[in-house]
Amino acid sequence: MKTNNHFRNIIATLVIAALILTGSAPYFAFAEEDGGQPKQEVVPSATYDDSKVPALSGGSIVLMNGGNGDIIYERNAHQLREPASVTKILNALVVVETLDMDEVVKVPSKVETRGTIIDLEPGEKMTVRELMYGMMLESGNDAAEVLGLQAGGTLKEFSKMMNARAKECGAEDTNFKNPNGLNERANALNYTTAYDLAHITREAMKHEEFREVVGTVKHTIPKTNKSKPRKLKNSNACLWNTTSVVSIDDKNIPLKYTGCTGVKTGYTSSAGNCFVGAAKRGDLELIAVILHAPDALSKFGDAIKLWDYGFEHYDNYIAKKSGKVLTRQKVKRGALAKVEVGLTEDLDITINKGYDAAQNITTEMELKEEEPVAPIKKGQVMGTMKAYNEAGELVGIGNICALHKVEKGGPLSYIGIADEYAWIVYLALAAVLAIIVIIAILRRSRRKKKGKPAAKKKAKPAAKKKAKPKAQAAPAEPAEPFAPAEPAKPFAPAEPVGSRRPIAPPLSEVMRQETAKAAEPVRPAEPVRPAGTVRPVDPNSARQRPALTRSEKRAARKRRAKRRQERKRNN
């Protein structure tokens, strides 16, 4: 049975392979990983009519929407061409992303002296920013070489960096072997296409420092340790030239173009006249690339014609703005519980002039994962934002990225508690632990108290009473007649040392005597005698208690106190 299943699997594999080779494979053979659904392609959001484009003189031409990279018009866009000094756009892009603009650079002993230069001297010190102005405005080949050496270490290494960055921009047919675009012979070193240059320029224009340099008309490089101040003027005549004109539709139009934002010109005998220019009106920025034009005025004239055509027939609709937080996505095992995600670039849609995009274009956000796992880098792609037209067709797509980084979390993050909330747990645990310790200490102290016998309190020595002043004797009263008192007993001497102390009667005997005494009949109270009368002597009463002296009374009190103490000790 197992053998039959094995042969069956082999036969099925061979059949599918044969269908693929013959081009008859079913749709599921090319299914994507995302649930087997075929990948949806972006369709043009506008209709392009090349018949409305005016006559142009350049050999290779591209007109691009700088917002989303849509090609509005192209002619020989993928034909290999020499870029001449337009190469410096890619040079500047790598420098802006690699070096600090305020970094001071020392000019090496040997620098480029061919073509257009700004006369850099060996050992001269200048900032990266000033070298950028010299390279992009005056098209200094020596400045381009110094920047390449500073960024790459060697010109060969810098060329590798330029080519790698070009690939990231989508330039597949570009190869540069020096930083300034000089060629000793045609197509021997540097070559590219109008399509590739448009994408490279679009990427470079995302950097404000690049925009600032290429949009400057005039600039003065301050004096250095080897040179006086240098005055520069941009070679891009569309930024400033109001005297030179080109003929468009039998009209003389000045070269200065309203809304021009840059970027670079170039020329060699083999490359011809080259120009990459950008102009912006409203939300639409157009990038025009003209390679191998017959003369300088023609390259500027072609750019002006392309810009006029683009602004007249097309517009740019921002479906979603960049920089805004679209959502806060949960993160697994992260220092933060959530990461803010949004677009790093505007989601631009090229539309025909007059099209009501606000009513007809809708957007939808799709995230790759519900809960991505930390660490997460800033700019990491977290999903896509898609734009659809009224027919439900995909007309635009942009990457949703993390707007900040999220580090890997601590131990509690593995149970779903991010580090930003972990302190609450730690604080609660510390409080519980403190309570447990306090309770343990209290219980231990109680056990110690119960285990130890109660310490006997030492009798405090009786405080000496201050002698009271003797009261004055009262005046003698007449003696009352009464029976003669018995003579006082003589003072008993103190017991000799070693004699036995008399033992108090047991408590039962004392209680018996007190009970018997309580049972005796109560004698009636003696009537009150008037003052001055003599108390009569009762012949039937016991003998009268003899009167005691003060010292005898004191001795009697001491004896009674002593007996009380002895009874307490015995008990």
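Below: a short report on this structure. (Residues numbered from 1 in each chain as written. Predicted model: local features only at pLDDT ≥ 70, side-chain atom pairs only at ≥ 80, totals over all residues. Heavy atoms only, no water.)

Details of the packing of aromatic side chains
In this structure the tally under the stated criterion is four aromatic pairs. Geometrically, the ring pair formed by Tyr257 and Trp307 is tilted, given 4.9 Å between the ring centres and 45° between the ring planes. Here Tyr257 is found in the loop between strand 8 (251-254) and strand 9 (260-268), whereas its partner Trp307 is found in helix 8 (residues 296-313), with 50 residues between them in sequence. For Trp307, a relative accessible area of 0% corresponds to the buried category. Relative to Tyr314, the ring of Tyr309 has its centre 5.9 Å away and its plane inclined at 75°; by these criteria the two rings are edge-to-face. Three or more aromatic residues joined by ring pairs form one cluster here, namely Tyr48, Tyr309 and Tyr314. Sitting over the ring of Trp240, Lys233 keeps its end group 3.7 Å from the ring centre. (Phe/Tyr/Trp six-rings, centres within 6.5 Å; stacked < 30°, edge-to-face > 60°. Helix = DSSP H or I, 4+ residues; strand = E, 2+ residues; numbered from the N terminus. Buried < 20%, exposed > 50% of the residue type's maximum accessible area, 1.4 Å probe, protein only. Lys NZ or Arg CZ within 6 Å of the ring centre and 35° of its normal.)

Notes on the nonpolar core
Counting residues in each nonpolar core, the largest one holds 57 residues, and the members touching the most others are Ile89, Met132, Met136, Phe210 and Val289. When residues in this core are grouped by element, the largest group, seven residues, is from helix 2 (residues 88-98). Core analysis: the second largest hydrophobic core is formed by 30 residues, Leu56, Cys260, Leu284 and Ala303 among them. (Core = buried A, V, L, I, M, F, W, Y, C linked by side-chain atoms within 4.5 Å.)

Thoughts on the side chain of Asn236
If you trace the backbone, Asn236 turns up in the loop between strand 6 (230-233) and strand 7 (245-248). A residue is classified by how much of its surface remains accessible, and Asn236, at 0% relative accessible area, is buried. Filtering out sequence-adjacent residues up to four positions away, Asn236 remains in contact with Cys260, Gly262, Val263, Thr265, Phe275 and Phe300. (Contact = heavy atoms within 4.5 Å.)

Re the side chain of Thr384
Mapped onto the elements of the fold, Thr384 is located in strand 17 (residues 381-388). Beyond its immediate sequence surroundings of up to four residues, Thr384 is in contact with Glu364, Met365, Glu366, Ile397, Gly398, Asn399 and Ile400.

Thoughts on the pattern of salt bridges
This structure, assessed with the given rule, holds 13 salt bridges. Two residues, Arg230 and Glu124, come together in a salt bridge whose shortest N-O distance is 2.8 Å. With Arg230 in strand 6 and Glu124 in the loop between strand 3 (104-106) and strand 4 (125-127), this residue pair connects regions lying 106 residues apart in the sequence. Measuring nitrogen to oxygen at the nearest pair gives 3.2 Å for the salt bridge that ties Glu168 to Arg165. Here Arg165 and Glu168 lie together in helix 5 (residues 155-168), a separation of three residues that amounts to about one turn. Overall, Arg165 belongs to the buried group, its relative accessible area being 11%. Salt bridges sharing common partners tie together Glu97, Arg165, Glu168, Arg202, Glu203, Lys206 and Glu345. (Salt bridge = Lys/Arg side-chain N within 4 Å of Asp/Glu carboxyl O.)

Side note on the sheet that holds strand 11 (residues 284-293)
Here we have five strands laid out as an open sheet, ordered 2-1-11-10-9, and antiparallel in their pairing. What marks the edges here is a single partner per strand, and that holds for strand 2 (71-75) and strand 9. Looking at each pair of strands side by side, their axes are set apart by 5° on average, direction ignored. The pairing of strand 1 (residues 60-65) with strand 2 spans four bridges and is antiparallel. Directly across from Ile61, in strand 2, lies its bridge partner Arg75. On top of the sheet, helix 6 (residues 194-204) reaches strand 1, strand 2, strand 9, strand 10 (272-281) and strand 11; it is set at about 35° to strand 1, its chief contact. (Pairing = 2+ DSSP bridges. Axes fitted to C-alpha atoms, helices over the stretch in contact; angles between N-to-C directions.)

Looking at the environment of Asn241
Following the sequence through the fold, Asn241 ends up in the loop between strand 6 and strand 7. Overall, the relative accessible area of 8% leaves Asn241 in the buried class. Spatially, the C-alpha atoms of Asn241 and Lys256 are 5.0 Å apart, while their sequence positions differ by 15 residues. Beyond its immediate sequence surroundings of up to four residues, Asn241 is in contact with Pro254, Leu255 and Lys256. There is a polar contact of 3.0 Å between the side chain of Asn241 and the side chain of Thr243. (Polar contact = N/O pair within 3.5 Å; in protein donor to acceptor, adjacent residues only side chain to side chain.)

Re the environment of Arg75
Position of Arg75 among the secondary structure elements: in strand 2. Arg75 sits in the partly exposed class, given a relative accessible area of 26%. For the pair formed by Arg75 and Leu63, sequence separation is 12 residues and the distance between their alpha carbons is 9.3 Å. Setting aside residues up to four positions removed in sequence, Arg75 forms contacts with Leu56, Ser57, Gly58, Gly59, Ser60 and Ile61. Of the polar contacts made by the side chain of Arg75, one reaches the backbone oxygen of Leu56; its length is 3.3 Å. Within the structure, Arg75 has its side chain in polar contact with the backbone oxygen of Gly58 (distance 2.5 Å).

Some remarks on helix 6
Of all the 11 residues making up helix 6, 10 are buried; the element is thus mostly covered by neighbouring parts of the structure. Turning to helix 6, its buried residues number three or more, namely Ala194, Asp196, Leu197, Ala198, His199, Ile200, Thr201, Arg202, Glu203 and Ala204.

Quick word on a positive patch on the surface
A cluster of like positive charges, contributed by Arg550, Lys553, Arg554, Arg557, Lys558, Arg559, Arg560, Arg563, Arg564, Arg567 and Lys568, occupies part of the molecular surface. For Arg567, the location among the structural elements is in helix 12 (residues 550-570). (Patch = residues over 30% accessible without salt bridge, like charges linked within 9 Å, V, L, I, M, F, W, Y side chains within 5 Å. Areas by Shrake-Rupley, 256 points an atom, 1.4 Å probe, with all protein chains shown as cover. Lys, Arg positive; Asp, Glu negative; His and termini not counted. Charge placed at Lys NZ, Arg CZ, Asp CG, Glu CD.)

Details of the sheet that holds strand 14 (residues 338-343)
Taken together, the five strands give an open sheet; going across it, the order is 13-14-18-17-16, and neighbouring strands pair in antiparallel fashion. The open sheet has two edge strands with one neighbour each: strand 13 (327-330) and strand 16 (362-367). If you compare each strand with its neighbour and ignore which way they point, the axes differ by 30° on average. One ladder, built from six bridges, connects strand 16 with strand 17; its direction is antiparallel. Bridge pairing in strand 17 places Leu367 opposite Gly383.

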